[in-house]
Each structure stands twice: as structure tokens, then as C-alpha cells.
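# Structure at a glance
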Amino acid sequence: MTLAILHADEHLLVLDKPAGLLSVPGRGADKQDCLSARVQAGFPEALTVHRLDMATSGLMLMARSKAMQAALGRLFEQRRIDKAYEAVLEGRLEADAGFVELPLICDWPRRPRQRVCFTHGKPSFTEFRCLGREGGQRSRVRLLPHTGRSHQLRVHMQAIGHPILGDELYASPAGHAASPRLLLHACRLAFVHPATGVWLELESPVPF
């Protein structure tokens, strides 16, 4: 598969990851094919900065040095990277916009699932905006994560009664069967380039 490189300079790369491809290697010989390995075949110095779920498609950053990896990591930690996702949800979302603030923790007996936990969960905050509705069947939304917990968008949408279509972990059986893939795409990344000081804004067309 040809790599979709949306931006490349001497400091960093921005890739468009397809759904169904791991971000980094997993355990076992059958889980070594991943975006980072494919990138490193052409850019051996490339280092992972963040990850997308295997089922999620869209924009991913990689650094071309340890110093840039650290600088980009700080931007994520300080929430100075604007991220946006697009998703299609089960059912009709009544609100035009809103916020979900529910703490999340790993559901260890059923990992990799995550769950809401008010006692031990880590603070997690998602903003959503409805982009359109298809009768009572589905709703298209823009999702803006203000924190970066594992499966955050997937669990938060399930928690408000509208799981993402195609989600094998959190959707209803009908919602899972409604799409051959998870309908979640990282469509925008924007940040001040740590090395140049230039505002960098990248978008990836939503493939569904």
C-alpha cells in the first residue's frame, strides 16, 4: 500500500492512516505491519508521536528526530494541537452541539475496552457538533477531543446513547453491522510548527 504523506519537512511528517492498519506494532508476528513500520521503511529516523485506533482512519504525526518527538509530545500534553474528527452515529442526535465530560478507565476484564468510572477514571472531555441527520437512523458529527484518552470518542458517544456506527466494541449489534468499518476519521490537525514557528493546518477528506 502506498503511503499517503500529506506533509513532509526535515522535522516532521503528517500521514493519512487507512482504517484497519495498526499505528504501531502489536504483539505477535501477525501484528508487525503498521503505519510506523511502513513510514520507517522510507524514513528510518521517523518516530511515533501519537496513535490512532486500528479501526480509525485519518491524520497522524511522526517526528524525524528525538528532539522533535519531545517537542510535539509537549504540544499534545499542553493541548496546543487542535484535533478534529468526523463520525457517523447511531440514531438521531437531538442536540445541535454539546459537551461530554465523563472520566474513563480501562475495563480490565474486557480490555481493550474502556469504561466510565467516576471513582478511578481519568478526566475526559469531548465537544461535539451535529453536522446533519438522516431521519431517525444516523447523525453525522464533528468531534473535538479536549483530552486524549484511549477510545475516548467511542466511549463518550456510546455514553450519550449514540455509539459510532461500525464499532465492534461499543455499538449495538445493528450499529456494528451497519458499516464494514468504524465510521470515525481524524480529519484535521493544526498547530504551530515547533521548529519554524509557522502555523501548520492539515485536513484529510472524510472517506465515508
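This text follows the structure it describes.
We now turn to the structure provided with this report. Every chain begins its residue count from 1, and numbering advances along the sequence as written. Predicted model: local features are reported for residues with pLDDT of at least 70 only, side-chain atom pairs are reported and counted for 80 or more only, and whole-chain, interface and lining totals are derived from all residues. Each side-chain value is worked out from all heavy atoms of the structure, with water and hydrogens disregarded.

## Re the side chain of R154
Note on placement: R154 falls in helix α3 (residues 152-159). Throughout this description, a polar contact denotes any pair of N or O atoms lying within 3.5 Å of each other; where both atoms belong to protein, one of them has to be capable of donating a hydrogen while the other can accept it, and for residues adjacent in sequence the pair is counted only when both atoms sit in side chains. Of the polar contacts made by the side chain of R154, one reaches the side chain of D167; its length is 2.8 Å. In contact with R154, other than residues within four places in its own chain, are D53, I164, D167, L169, Y170, L182 and L184. A run of DSSP states H or I qualifies as a helix once it reaches four residues; a run of E qualifies as a strand once it reaches two. Both are numbered from the N-terminal end. Residue contacts are counted whenever heavy atoms from the two residues lie within 4.5 Å of one another.

## Observations concerning empty space enclosed by the protein
A pocket here means an open set of points on a 1 Å grid, computed over the protein atoms alone, that has protein on both sides within 12 Å along at least five of seven lines. A cavity is instead a set of points where a 1.4 Å probe fits but cannot get out; residues with an atom within 4 Å of a point line either one. Grid points are joined across faces, edges and corners, and a volume is the space filled by probe spheres set on the points. According to the stated counting rule, one finds one cavity of 30 Å³ or more in the structure shown. By volume, the largest cavity is sized at about 30 Å³. Lining the largest cavity, in full, are H50, L52, L59, K83, Y85, A186, R188 and L189. Listed by contribution, the elements that provide at least two residues to the lining of the largest cavity are β5 (82-90) and β11 (184-192). In terms of residue count, β11 provides more of the lining of the largest cavity than any other element does, three residues in total. As a working rule, the residues Ala, Val, Leu, Ile, Met, Phe, Trp, Tyr, Cys and Pro are called nonpolar, Asp, Glu, Lys and Arg charged, and the rest polar, with Gly in that last group. Within the lining of the largest cavity, the residues separate by chemical class into five nonpolar, one polar and two charged.

## Description of the side chain of S57
For S57, the location among the structural elements is in strand β4 (residues 57-63). A polar atom in the side chain of S57 sits 2.7 Å from the side chain of H185. Among all residues touching S57, those that are not within four sequence positions of it are K17, P18, A19, L52, R181, L184, H185, A186 and P207.

## Details of the packing of aromatic side chains
Here a pair means two rings of Phe, Tyr or Trp (six-membered ring of Trp) with centres within 6.5 Å. Their orientation is stacked below 30 degrees between planes, edge-to-face above 60, and tilted elsewhere. Scanning the model with the defined rule gives one aromatic pair in all. When the centroid spacing of 5.4 Å and the interplanar angle of 5 degrees are considered together, the rings of F99 and F125 count as stacked. Linking F99 in strand β6 (residues 97-101) with F125 in strand β9 (residues 125-134), this pair joins segments that are 26 residues apart in sequence. For F99, a relative accessible area of 55% corresponds to the exposed category. In this scheme, a residue with accessible area under 20% of its type's maximum is buried, one over 50% is exposed, and one in between is partly exposed, where area comes from a 1.4 Å probe on protein chains only. Under the relative-accessibility criterion, F125 is labelled partly exposed at 23%.

## What to know about the pattern of salt bridges
By definition, a salt bridge exists where a carboxyl oxygen of Asp or Glu is found within 4 Å of a side-chain nitrogen of Lys or Arg. Counted according to the given criterion, the structure contains eleven salt bridges. Linking R154 and D53 is a salt bridge whose minimum nitrogen-to-oxygen distance equals 2.9 Å. Here R154, found in helix α3, pairs with D53, found in the loop between β3 (47-48) and β4; they are 101 residues apart in sequence, far enough to count as distant. Across the pair D96 and R133 runs a salt bridge, and its minimum N-O distance is 2.8 Å. With a gap of 37 residues between them, D96 in the loop between β5 and β6 and R133 in strand β9 connect regions that are remote in the sequence. On the basis of relative accessible area, D96 is assigned to the exposed category, the value being 54%. Among the charged side chains, a salt-bridge network with shared partners connects D53, R154 and D167.

## Observations regarding the pairing of strand β1 (residues 5-8)
In this description, strands pair whenever DSSP reports at least two bridges between them. Judged from the three bridges that link them, β1 and strand β2 (residues 12-17) form a sheet pairing that is antiparallel. Each residue of the ladder has a partner; that of I5, found in β2, is L15.

## Observations regarding the pairing of β6
Burial of the side chains of β6 is restricted to one face: G98 and V100 are buried, whereas none of A97, F99 and E101 on the reverse face is. Summarising the sheet, β6 and β9 pair through five bridges and their orientation is antiparallel. Its bridge partner being in β9, E101 is matched across the sheet by F125.

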